Amino acid sequence: MASHSASISPDRRFLIFFDFDETIVDETSDDMVVQAAPGQHLPGWLKDTYQPGRYNEYMQRVLAYLAEQGVTESDLRGIMEKIPASPGMLTLFQFLRTRPAKDFEVVLLSDANTFFIESWLRRAGVRQLFHRIFTNPATFNKNGRLVLRPFHSHECQRCPDNMCKQVVVRDYVARRTQERGRPFQRIFYVGDGANDFCPALSLGPRDVAFPRRDFPMHRLITETHEAMPGEFKAVTVPWVSGEDVIMRLRKHVAE
C-alpha cells in the first residue's frame, strides 16, 4: 500500500528513501507489539509457525492472536507511540524539513505496516515530511482485529515473499523520472537490514547508500565489495546517528 501526504514538486533535486524499523525507530515494531501479549510473550505453538521468507503471514497470525486476547487498537497504538527514535533521527528530519522545497523528495519504504508506521510518525509530528509511504497495508476489521496484508508479490530470490524493496525503488524512480522529465541529481537510501541491501543495489555511482554501521545492510555491502568488486555501485556512508547522514547531505545540497 502506498500512502502520500505532501505535494510533490517537480523540481526537487534529490530523492531520499528511509526504512522504518531500526532505522527511523530504534527497535523493530513487530517485536515491540509482543508487549501487548499476556505476559509480554507469545506462546511457543505460535512462534513455531514462522517460516523463512513468510514473515508477513506469521505476523498476520500474531495480530489475530493478540485480538483474541483482547488487545485493542488503542493498546497497539500506545506501544507504537512509545518506540524511541534512532539516535539523531529527529534531528535529521528537522534538517530535511527546513531545507528549501526544491531540495528533497522524501519516501518511506518499510516491511512493517501502515498502522504501526502512521501511529509513530503522527505521534512524533513528522508525518508531513513524507511524500510517499510504501508498506504492507493494515486495517482494523469490525471485530477490532488488525488485519495485515502483503504489499505485493515479486520474483526476487533475496527478499521475503511480500515485499522486494528494489522493485519498489526501481518502479518509483522510473515513474518519477518520467513525470519530472529528468532524473534526480542523486538518490539516497537510509537503512539497516538485509532487505535494504537489495534496493541499494539499484543505486548508481552518483547515489549514496547510508547503512546503519555494523547492521546487516552494512555487512552485506562490505561482503559484496570484497567478493564482487564493482557490483555495488553507490557511495557507502555508514551511520551511527542521523547526524552522520546530515553531514553528508550538507555536502551535496551545496553542490
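Our structure is the block above this text.
Each residue is numbered by its place in its chain's sequence as written, counting from 1. Only residues with pLDDT of 70 or above have their local features reported here, since the model is predicted, and side-chain atom pairs are shown and tallied only from 80 upward, although totals for entire chains, interfaces and linings are computed over all residues. In computing side-chain properties, one takes all heavy atoms of the structure into account and sets aside hydrogens as well as water.

Engineer: Explain the nonpolar core residue by residue, including any values.
Structural biologist: Note that soluble globular proteins tend to have their nonpolar side chains buried in a common cluster. Nonpolar cores are built from buried Ala, Val, Leu, Ile, Met, Phe, Trp, Tyr and Cys residues. Side-chain atoms within 4.5 Å join them into one set. Burial status follows relative accessibility: with a 1.4 Å probe on protein chains alone, a residue under 20% of its type maximum counts as buried, one over 50% as exposed, and anything between as partly exposed. Ranked by internal contacts, the top residues of the largest apolar core, which has 54 residues, are Phe18, Ile24, Leu96, Phe104, Phe130 and Leu249. Think of it this way: any DSSP run of H or I at least four residues long counts as a helix, any run of E at least two long counts as a strand, and we number them from the N terminus. With six residues, the top contributor of residues to this core is helix 3 (residues 55-68). Contact definition: two residues touch when any of their heavy atoms are within 4.5 Å. Other than its neighbours up to four places away in sequence, Leu249 contacts Ile16, Leu92, Phe95, Leu96, Phe104, Phe188 and Phe210. In terms of nonpolar packing, the next biggest core, distinct from the first, is built from 22 residues, Leu15, Val107, Leu109 and Val173 among them.

Engineer: Give me the environment of Lys82: which residues, what numbers.
Structural biologist: Checked against the element boundaries, Lys82 lands in the loop between helix 4 (73-81) and helix 5 (89-97). Along the chain, Lys82 and Glu118 lie 36 residues apart, while their C-alpha atoms are 13 Å from each other.

Engineer: Give me the lowdown on the pattern of salt bridges, citing residues and values where you can.
Structural biologist: Basic side-chain nitrogens of Lys or Arg form a salt bridge, by our definition, when they fall within 4 Å of a carboxyl oxygen of Asp or Glu. According to the stated counting rule, one finds 14 salt bridges in the structure shown. For Asp26, the salt bridge is made with Arg212, and the minimal N-O distance between the two is 2.7 Å. Of this pair, Asp26 sits in the loop between strand 2 (14-18) and helix 1 (29-32) while Arg212 sits in the loop between strand 8 (208-211) and helix 9 (216-227), and the two are 186 residues apart along the sequence. Note on Asp26: relative accessible area 27%, which makes it partly exposed. Ionic pairing is found between Asp103 and Arg99, a salt bridge with its closest N-O pair at 2.9 Å. Judged by its relative accessible area of 0%, Asp103 is buried.

Engineer: I'd like to hear about the packing of aromatic side chains, residue by residue, with values.
Structural biologist: Aromatic rings considered in pairs are described by the distance between their centres and by the relative angle of their planes. Here a pair means two rings of Phe, Tyr or Trp (six-membered ring of Trp) with centres within 6.5 Å. Their orientation is stacked below 30 degrees between planes, edge-to-face above 60, and tilted elsewhere. Per the counting criterion, the structure on display carries 19 aromatic pairs. Between Phe17 and Tyr172 the ring centres are 6.2 Å apart and the planes differ by 75°, which places this aromatic pair in the edge-to-face class. Linking Phe17 in strand 2 with Tyr172 in helix 7 (residues 165-180), this pair joins segments that are 155 residues apart in sequence. On the basis of relative accessible area, Phe17 is assigned to the buried category, the value being 0%. Each residue in the set Phe14, Phe95, Phe104, Phe188 and Phe210 is aromatic and connected to the rest through ring pairs, giving one cluster.

Engineer: Could you give an account of the pairing of strand 2, naming the residues involved and the relevant values?
Structural biologist: Among the five residues in strand 2, five count as buried, and that is most of the element. Burial along strand 2 is two-sided: the face carrying Phe14, Ile16 and Phe18 and the face carrying Leu15 and Phe17 are both buried. For two strands to pair, DSSP has to find at least two bridges joining them. In this sheet, strand 3 (residues 104-113) lies alongside strand 2 in parallel orientation, the contact comprising five bridges. Across the sheet, the residue bridging to Phe14 is Phe104, located in strand 3. Relative to strand 7 (residues 186-191), strand 2 runs parallel, the two sharing five bridges. When the sheet's bridge partners are listed, Phe18 is paired in strand 7 with Val190.

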